[in-house]
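# Notes for the structure review
Here's the letter readout for the chains.
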Amino acid sequence: QKEVEQNSGPLSVPEGAIASLNCTYSDRGSQSFFWYRQYSGKSPELIMFIYSNGDKEDGRFTAQLNKASQYVSLLIRDSQPSDSATYLCAVNGNNAGNMLTFGGGTRLMVKP
Amino acid sequence: AAGVIQSPRHLIKEKRETATLKCYPIPRHDTVYWYQQGPGQDPQFLISFYEKMQSDKGSIPDRFSAQQFSDYHSELNMSSLELGDSALYFCASSPGQGAIYEQYFGPGTRLTVT
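Read on for a plain summary of the structure. Fair warning: this is a prediction, and the values are worked out from it, not measured in the lab. (Residues numbered from 1 in each chain as written. Chains lettered and ligands numbered in written order. Predicted model: local features only at pLDDT ≥ 70, side-chain atom pairs only at ≥ 80, totals over all residues. Heavy atoms only, no water.)

All names here are of chain A. Sheet architecture is open: five strands sit in the order 1-3-8-7-6, paired in antiparallel fashion. For this open sheet the edge positions go to strand 1 (4-6) and strand 6 (54-58), each flanked by a neighbour on one side alone. Taking the axes of each pair of neighbouring strands and ignoring which way they run, one obtains an average angle of 20° across the sheet. Across five bridges, strand 6 lies against strand 7 (residues 61-66) in antiparallel orientation. Bridging from a neighbouring strand, Gly 54 pairs with Leu 65 of strand 7. (Pairing = 2+ DSSP bridges. Helix = DSSP H or I, 4+ residues; strand = E, 2+ residues; numbered from the N terminus. Axes fitted to C-alpha atoms, helices over the stretch in contact; angles between N-to-C directions.)

All right, on to the nonpolar core then. Grouped together as the largest cluster of nonpolar side chains are 23 residues, with contacts concentrated most on A:Trp35, A:Val72, A:Leu74, A:Ile76 and A:Tyr87. Looking at this core, the elements with two or more residues in it are strand 3 (19-25), strand 4 (32-38), strand 5 (45-50), strand 7, strand 8 (71-76), strand 9 (85-92) and strand 11 (106-111) of chain A. Excluding anything up to four places from it in sequence, A:Val72 contacts A:Leu21, A:Asn22, A:Cys23, A:Phe33, A:Trp35, A:Ile50, A:Gln64, A:Leu65 and A:Cys89. One finds B:Leu21, B:Ile26, B:Leu46 and B:Leu81 within the second-largest nonpolar core, a separate group that totals 22 residues. (Core = buried A, V, L, I, M, F, W, Y, C linked by side-chain atoms within 4.5 Å. Buried < 20%, exposed > 50% of the residue type's maximum accessible area, 1.4 Å probe, protein only. Contact = heavy atoms within 4.5 Å.)

When the parts of a complex come together, some accessible area is lost, and that lost area is often used as the size of the interface. Contact with chain B, which involves 23 residues of that partner, is made by 25 residues of chain A. Taken over both partners, the interface formed by chain B and chain A buries close to 1,700 Å², and the fraction arising from carbon and sulfur atoms is 56%. It is B:Asp42, B:Ala99 and B:Phe105 in chain B that bury the most area against chain A; as a group they hold 29% of the surface buried on that side. Taken together, the connections running from chain B to chain A amount to zero salt bridges. Here chain B is connected to chain A by four residue pairs in polar contact (both at pLDDT 80 or more). Those elements that place two or more of their residues in the side of chain B that touches chain A are strand 4 (31-37), strand 5 (43-50), strand 6 (53-57), strand 9 (87-94) and strand 10 (104-105) of chain B. Split by residue class, the side of chain B that touches chain A holds twelve nonpolar, seven polar and four charged. (Buried area = accessible area lost by both parts, 1.4 Å probe. Salt bridge = Lys/Arg side-chain N within 4 Å of Asp/Glu carboxyl O. Polar contact = N/O pair within 3.5 Å; in protein donor to acceptor, adjacent residues only side chain to side chain. Nonpolar A, V, L, I, M, F, W, Y, C, P; charged D, E, K, R; others polar.)

The next thing to look at is the pairing of strand 3 of chain A. All names here are of chain A. A one-sided burial pattern is seen for strand 3, the buried positions being Ala 19, Leu 21, Cys 23 and Tyr 25 and the unburied ones Ser 20, Asn 22 and Thr 24. In this structure, strand 1 lies alongside strand 3, joined through three bridges in antiparallel fashion. Looking at the pairing, Gln 6 lines up with Cys 23 of strand 3. As judged from the six bridges shared by strand 3 and strand 8, these two strands associate in the antiparallel manner. Paired with Ala 19 across the two strands is Ile 76, which belongs to strand 8.

Right, let's talk about the environment of A:Ser69 for a bit. Take A:Ser69: it is sitting in the loop between strand 7 and strand 8. Taking the C-alpha atoms as reference points, A:Ser69 and A:Arg28, 41 residues apart in sequence, are found 9.5 Å from one another.

What follows deals with the side chain of B:Gln103. Take B:Gln103: it is sitting in the loop between strand 9 and strand 10. Residue classification places B:Gln103 among the buried positions, given a relative accessible area of 1%. Dropping the residues within four chain positions of it, B:Gln103 is found in contact with A:Tyr36, A:Leu46, A:Asn98, A:Leu100, B:Tyr33, B:Tyr35, B:Ala92, B:Ser93 and B:Ser94.

Further remarks concern the sheet that holds strand 7 (residues 64-68) of chain B. All names here are of chain B. Judged by pairing direction, the sheet is antiparallel, and its four strands sit side by side in the order 1-3-8-7 without closing on themselves. Whereas interior strands pair on both sides, the edge strands pair on one side only; in this sheet they are strand 1 (5-7) and strand 7. Looking at each pair of strands side by side, their axes are set apart by 15° on average, direction ignored. Sheet topology places strand 3 (residues 19-24) next to strand 8 (residues 74-78); five bridges connect them, and they run antiparallel. The partner of Thr 20 across the bridge, within strand 8, is Asn 77.

Any functional reading would require information that these geometric values do not contain.
Structure (structure tokens):
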């Protein structure tokens, strides 16, 4: 079992809809959780991070964390074609160096 | 806002050659991470430094070494290059060492080994 898992997609949503991206992790000691957006051939861009149970909102983005169920999700409201990218879930586990472990990424396609 | 700077952006080397990748973290960031991303794969953690000391080591081959200098920039040295080393190499920085600190990625160096 991979330490961090995401549905690879593609997830296709119409413009203006809500896109829901999910991620599960196996290490119960994981402390913080990040969502990165990555366009093809570009570097990961930090979208959201969360380390407390519950919801965290920033503009059109909401991150949700449930440590008991070991999942974290990202909601994108009013999806735009420019949101089309791969979304990487990254987990900072219980390790000294704070390395990030990434899920496989979910490819999101927002259709006009 | 200032971002992580990496150089060179593109590098072409032949098998068995050496390469040096450089990373300049965001100002006042004291922690640097190196990741390798192969085609169609996740970024994989290689090594990290905090206050010029190695803090963690991942799947970094013995042919690779890295260090962080007094000005906090970091260099990744790669020797005896193999075809499989062709990948995007990202440097990330954070303002401290701890799980609560987010990591910001640089633009990456695309290494091609022929």
